[in-house]
Amino acid sequence: MNKRLVALACLLLAACGSKGPDVHLERHDALSRAEFNRWALRQDLSMFWVADANHDGQLQPAELSALLFFPDDGPWVQEGAFSPRFEQAYATLVAASKAAAAGGSTADERQQLVGQDLDQGRSSLVATDLATLTPGEQQFVDHMLKVAKVTDDLFARENGSAALAARLPADDPASRSLFRRNWGPECVAPRTEKNPACSAIPGAPRRLVDVYPADLQEDAGFCAQLDKRADARTLLTPFSVVREQGGQLVAQSFAKAYAEPMQAIATELEAAAAALDPASERALIAYLKAAAGGFRSNDWLKADEAWSRMTVANSRWYVRVAPDETYWEPCSRKAAFHLTLALVDKGSLEWQAKLAPHQNDMEKRLAAVAGAPYRARKVSFHLPDFIQIVVNAGFDRMPLGGVAGESLPNWGPVANEGRGRTMAVTNLSRDPDSLAARRSQLASLFDAATLAGYSDDGQGELLDTILHEATHNLGPAHEYKVQGRADGEVFGGPVASMMEELKAEAGALYFLEPLRQLKLISDDEALHGYTHVVAWSLGHISQGMYAGTGQRKTYGNVAAIIVGFLMDQGALTWEPAGAAANGSDHGVLVLHPDKVVAAGDALMKQVAGIKARGDSAGAQALLSRYVDSGEVVPHAVISERMLREPKASFVYAIRR
Ligand SMILES: [Zn+2]
């Protein structure tokens, strides 16, 4: 008997009177999990149906997660049961979904566009269970969540969205959700970003950043004008805003312009430091105190010094809280506030230890295929710090996608002397929904046998990342000169960057076989590695070869060259009549494991050789054949099939 019938029977027969009004028997199966999560986002509700753990098609209290960084409108679950507030919210979701399905939506054109922009992201949960932490660490996290909140407020002020918040329609949750996710009224997803009518605010007002005077931003060429001024250096320092005072433009330090939130962050950072155990977290405590000093004084150099002394060996945490990246504002000069709070993933230490004994052999191998005039040098690896994100705040919490790797700081002695830290994130898109989306993309492009070589346990991806990063340390790199010229002079900046990344990603293929022979990886792991490099490449190819500005997309170009080269070598073939693993698409890519080793060797010989000889024509030939010609790589079909799935939009939860 289903639960509704039980409830009905109770009502009719009055046979279950002793149990009282039975809210537990309410069914929650009107929406599939995907639809529930889609409508919860559209309603701006802080809830996420994590998984249908018992596969009954019904949402259970234990399957629901509250989300951080949404309006705090729960609690949804009380004492293991759904709260009345949840039942209300659920009814709203069902009604909105039914109205849309029946064509009875009252949304105007702007609101429809807002819905489309939201729908192009799929909420991807980043959940952290804090149960294994010490009470002190839990207090530390509580203080860091307060830091996250104020960092959000601070970035919203910097980027000008805070000034527009009051103009959001109060009774329009989808617009509010868009504004929250996108850090402003603009639409950001591929199919809506260029539509000027797509805005969270009626009338689509223009968002002006707070780091320059509003008047100045009236002129589209204001960045170039600032650049030309005699005092450009002072005005355009990264940790200041430009203000107008008595008709003059002056630079004002962040600590002055944003005194109140910055003091609040400093206080919380000091409290976070005090909660930790000095015996085990000395380096992190020193950094938190130094960062608090930065928020009070606007001098970030001391904080960077303390930051550079944190390692994956001396702290369980990876924390960066500072103004750092500049590519968010029109002039790309002013640093955006952000918080990265993450747990260290010890995987990088294990791999560092496994590979270090072989690093000079790997260099000799690469030098041999690169050929003259390159000669093997003595190398020592520096793998990035692997981290698992707990929360991203401020600029770090991007509307769609997220930061997968980053090297900081950008300025000062720590950066200039190569003492900064490089991190690689290992826990994004690892949730079941993201894995299923990736599998469905690949099932549309691979035949069943090729898909069988793909593993979603994360090992293929990890190997790819490790070998990519390791190979950056090997062979001709940025500091290598051929006939006195560095790679930027030989190839031009964008092609030089592309060739260095191509060398690194070719290494992710090339070094699989030696690792297998050394028994550092199994035969299966090697196959997962090859398949992952192809899968990664398809993802980048689908995003296109050039940005809207006409700029070369580094990884898109790298990916197209890898796929095209493997195709020319017969290690990857396009079978026009082949059936895709999903059973519905025709025309597939087939990987030939017996040919991948030789193809990987040939690719590295070509790429490292081009870098070693400074062979600019060789680089151009790769670009024209695989990136631009369309003769080898089936760009259009790859894009069409990969883009059927929405992009991940990360949402965050903490369990205790
Ligand atoms: Zn790289």
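See the structure printed just above.
Residues numbered from 1 in each chain as written. Predicted model: local features only at pLDDT ≥ 70, side-chain atom pairs only at ≥ 80, totals over all residues. Heavy atoms only, no water.

Undergrad: Mind showing me how you'd approach helix α10 (residues 259-275) here?
TA: One turn of an α-helix holds 3.6 residues; hence residues three or four places apart share an orientation. The terminal C-alpha atoms of α10, which comprises 17 residues, lie 25 Å apart, in line with the 24 Å expected from a rise of 1.5 Å per residue. Among the residues of α10, those classed as buried are Pro261, Met262, Ile265, Ala266, Glu268, Leu269, Ala272, Ala273 and Ala275. Buried residues along α10 sit against α5 (135-158), α9 (254-257), α11 (282-297), β8 (317-323) and β9 (337-344). (Helix = DSSP H or I, 4+ residues; strand = E, 2+ residues; numbered from the N terminus. Expected span 1.5 Å × (residues − 1). Buried < 20%, exposed > 50% of the residue type's maximum accessible area, 1.4 Å probe, protein only. Contact = heavy atoms within 4.5 Å.)

Undergrad: What am I meant to see in the pattern of salt bridges here?
TA: Two side chains bearing opposite charge may form a pair once their charged atoms approach each other closely. Applying the stated criterion to the full structure yields 36 salt bridges. Residue glutamate 363 pairs with arginine 377 through a salt bridge whose shortest N-O separation is 3.9 Å. One end of the pair, glutamate 363, is in helix α14 (residues 359-370); the other, arginine 377, is in the loop between α14 and β10 (385-394), and 14 residues separate them in sequence. A single network of salt bridges, built from pairs that share partners, joins Glu35, Arg38, Arg42 and Asp119. (Salt bridge = Lys/Arg side-chain N within 4 Å of Asp/Glu carboxyl O.)

Undergrad: Whenever I open this one, unusual backbone geometry confuses me. Can you help?
TA: Most of the time, phi is negative for any residue but glycine, and the peptide bond is trans. The omega torsion across alanine 372 and proline 373 is 5°, close enough to zero to call that bond cis. You can see proline 373 is positioned in the loop between α14 and β10. Put simply, leucine 408 and proline 409 share a cis peptide bond, and its omega is -5°. In the Ramachandran plot, serine 332 falls in the positive-phi region, its phi being about 50° despite a non-glycine side chain.

Undergrad: Help me understand helix α18 (residues 459-472), please; the structure alone is not making it clear to me.
TA: Its 14 residues give α18 an end-to-end C-alpha distance of 20 Å, which sits within 8% of 20 Å, the value for a rise of 1.5 Å per residue. In terms of burial, α18 is largely enclosed, as ten of its 14 residues are buried. For α18, every residue scored as buried is listed here: Gly460, Leu462, Leu463, Asp464, Ile466, Leu467, His468, Ala470, Thr471 and His472.

Undergrad: Would you take a moment to explain the packing of aromatic side chains for this structure?
TA: Pairs of aromatic rings are described using the distance from one ring centre to the other and the angle between the two planes. Evaluated as defined, the whole model comprises 22 aromatic pairs. Between tryptophan 300 and phenylalanine 337, the aromatic rings sit 6.5 Å apart at their centres with planes inclined by 65°, giving edge-to-face as the arrangement. Residue tryptophan 300 is found in the loop between α11 and α12 (301-308), and its partner phenylalanine 337 is found in strand β9; the two are separated by 37 residues along the sequence. Per residue, the accessibility class of tryptophan 300 equals that of phenylalanine 337, and both read buried. Seen in terms of ring centroids, tryptophan 307 and tyrosine 318 are 6.0 Å apart; in terms of plane orientation they differ by 75°. Their pairing is edge-to-face. Taken together, the residues tryptophan 307 in helix α12 and tyrosine 318 in strand β8 connect sequence positions eleven residues apart. Since its relative accessible area comes to 0%, tryptophan 307 is described here as buried. (Phe/Tyr/Trp six-rings, centres within 6.5 Å; stacked < 30°, edge-to-face > 60°.)

Undergrad: Got a minute to help me understand the pairing of β9 in this structure?
TA: Consecutive side chains along a regular strand alternate between the two faces of the sheet. In terms of burial, β9 is largely enclosed, as eight of its eight residues are buried. In terms of strand pairing, β8 meets β9 through seven bridges, oriented antiparallel. Looking at the pairing, valine 321 lines up with leucine 339 of β9. (Pairing = 2+ DSSP bridges.)

Undergrad: How should the sheet that holds β9 be read in this particular structure?
TA: By way of backbone hydrogen bonds, the strands of a sheet pair with one another, either parallel or antiparallel. Spatial strand order, β8-β9-β10-β12-β11: five strands in an open sheet with mixed pairing. The open sheet has two edge strands with one neighbour each: β8 and β11 (405-408). Averaged over all adjacent pairs, the angle separating strand axes in this sheet is 35°, with direction ignored. The pairing of β9 with β10 spans seven bridges and is classified as antiparallel. Looking at β10, one finds that leucine 339 is bridged to alanine 393. Seen against the sheet, α12 touches β8, β11 and β12 (421-425) and runs at an angle of roughly 165° to β8. (Axes fitted to C-alpha atoms, helices over the stretch in contact; angles between N-to-C directions.)

Undergrad: Quick question: what am I supposed to make of the side chain of glutamate 406 here?
TA: Within the secondary structure layout, glutamate 406 lies in strand β11. Salt bridges are absent for the buried glutamate 406, whose nearest opposite-charge side chain, arginine 320, sits at 7.2 Å. Sequence-distant contacts of glutamate 406, defined by excluding residues within four places in its chain, comprise Glu325, His338, Arg421, Thr422 and Met423. (Lys, Arg positive; Asp, Glu negative; His and termini not counted.)

Undergrad: Even after reading the chapter, I still don't get the coordination of the zinc ion, so can you show me in this structure?
TA: Tetrahedral coordination by four donors places them ideally at 109.5 degrees to one another around the metal; octahedral coordination by six donors ideally gives 90 or 180 degrees. Protein-derived ligands of the zinc ion are His468 (NE2), His472 (NE2) and Glu501 (OE), with the metal-ligand distances lying across 2.0 to 2.1 Å. All donors of the zinc ion belong to a single chain; written as a sequence motif, their spacing is H-x3-H-x28-E. Remark: glutamate 501 occurs in helix α20 (residues 493-510) and histidine 472 occurs in helix α18; sequence separation between them is 29 residues. (Donors = N, O, S within 2.8 Å, 3.2 Å for Na, K, Ca; no water.)

Purely geometric stuff here, so don't read any function into it on its own.
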